[in-house]
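Here is how the chains run, residue by residue.
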Amino acid sequence: MNALWDRLSTDVERPVEIVWKNTEATSQNLGEESFSEIRELLLRVQSQDESFGWDDRLTVTFE
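First, a word on what this report is: a plain description of the structure on this page. All residue numbers here refer to positions counted from 1 along the written sequence of the relevant chain. It should be noted that, the model being predicted, local features are given only for residues of pLDDT at least 70 and side-chain atom pairs only at 80 or more, the latter also being counted only at that level, while totals for whole chains, interfaces and linings use all residues. Hydrogens and waters are ignored; side-chain quantities use all the structure's heavy atoms.

Helix and strand content of the chain: 3 helices and 2 strands. Order of helices (α) and strands (β) in the chain, N terminus to C terminus: α-β-α-α-β. C-alpha extents for the chain along the principal axes are approximately 35 × 25 × 15 Å. Method for areas: the Shrake-Rupley scheme with a 1.4 Å probe, in which residue coverage is limited to the protein chains shown. Carbon and sulfur atoms make up 44% of the accessible area of the chain, which totals about 4,400 Å². Across the chain, the 6 positively charged side chains and the 14 negatively charged ones have centroids separated by 2 Å. Counting from the N terminus, the helices are DSSP H or I runs at least four residues long and the strands are E runs at least two residues long. Counted charges follow a simple rule, with Lys and Arg positive, Asp and Glu negative, and His plus the chain ends left uncounted. Here the site of a charge means atom NZ of a Lys, CZ of an Arg, CG of an Asp or CD of a Glu.

Below, the structure written as C-alpha cells:
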C-alpha cells in the first residue's frame, strides 16, 4: 500500500481518471478489508490533489 501511495501521489502524471467498475464483485474477490484499504488510498490521493488546487488531478469513480 505504501508503494501504491508513493506512485499515485507523486509519480503519475496528471490528469488521471480511474473508473473502478464492478466494485461489489471486486470487494467479494479481494475481501472487504483489502478492498476498503485500496478504495481509501485512492480517495486520499484524490483528496490530496484537490487540496493542492490542481486543475489536472487524479479523480476516482466507483461503479
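In this scheme Phe, Tyr and Trp rings, the latter by its six-membered ring, pair at centre separations within 6.5 Å, and the angle between planes marks the pair as stacked below 30 degrees, edge-to-face above 60, and tilted otherwise. The tally for this structure, following the rule as stated, stands at 3 aromatic pairs. Note on Trp20 and Phe35: the rings are 5.0 Å apart at their centroids and 65° apart in plane angle, and the pair reads as edge-to-face. Here Trp20 is found in strand S1 (residues 16-20), whereas its partner Phe35 is found in helix H3 (residues 32-52), with 15 residues between them in sequence. For every residue, the accessible area obtained with a 1.4 Å probe (protein chains only) is divided by the maximum for its type, and the residue is called buried under 20%, exposed over 50%, and partly exposed between those limits. We classify Phe35 as buried; its relative accessible area is 7%. For the ring pair Trp20 and Phe62, a centre distance of 5.9 Å and an interplane angle of 40° mean the geometry is tilted. In this pair, Trp20 sits in strand S1 while Phe62 sits in strand S2 (residues 58-62), placing the two residues 42 residues apart along the sequence. Aromatic rings pair up to connect Trp20, Phe35 and Phe62 into one cluster. By the criterion adopted, a ring carries a charge over it if an Arg CZ or a Lys NZ lies within 6 Å of its centre and within 35 degrees of its normal. Cation over ring: Arg44 sits above Trp5, and NZ or CZ is 4.3 Å from the ring centre.

Quick look at the side chain of Ser27 now. Turning to its location among the elements, Ser27 is positioned in helix H2 (residues 23-30). The class for Ser27 is buried, based on a relative accessible area of 11%. The contact criterion used is simple: two residues touch if any of their non-hydrogen atoms lie within 4.5 Å. Other than its neighbours up to four places away in sequence, Ser27 contacts Glu32 and Phe35.

Right, let's get into the packing of H2 against H3. The convention used is that axes are lines fitted to C-alpha atoms, helices contributing only their stretch in contact, and that angles between N-to-C directions extend from 0 to 180 degrees. Packing of H2 against H3 leaves a shortest axis separation of 6 Å and a crossing angle of 125°. Taken together, H2 and H3 sit at an angle that is classed as oblique. Taken together, the residues of H3 that come into contact with H2 (itself represented by Thr23, Thr26, Ser27 and Leu30) are Glu32, Ser34, Phe35 and Ile38. Angle categories are assigned with fixed cut-offs, so that under 35 degrees is roughly parallel, over 145 is roughly antiparallel, 65 to 115 is roughly perpendicular, and the rest are oblique.

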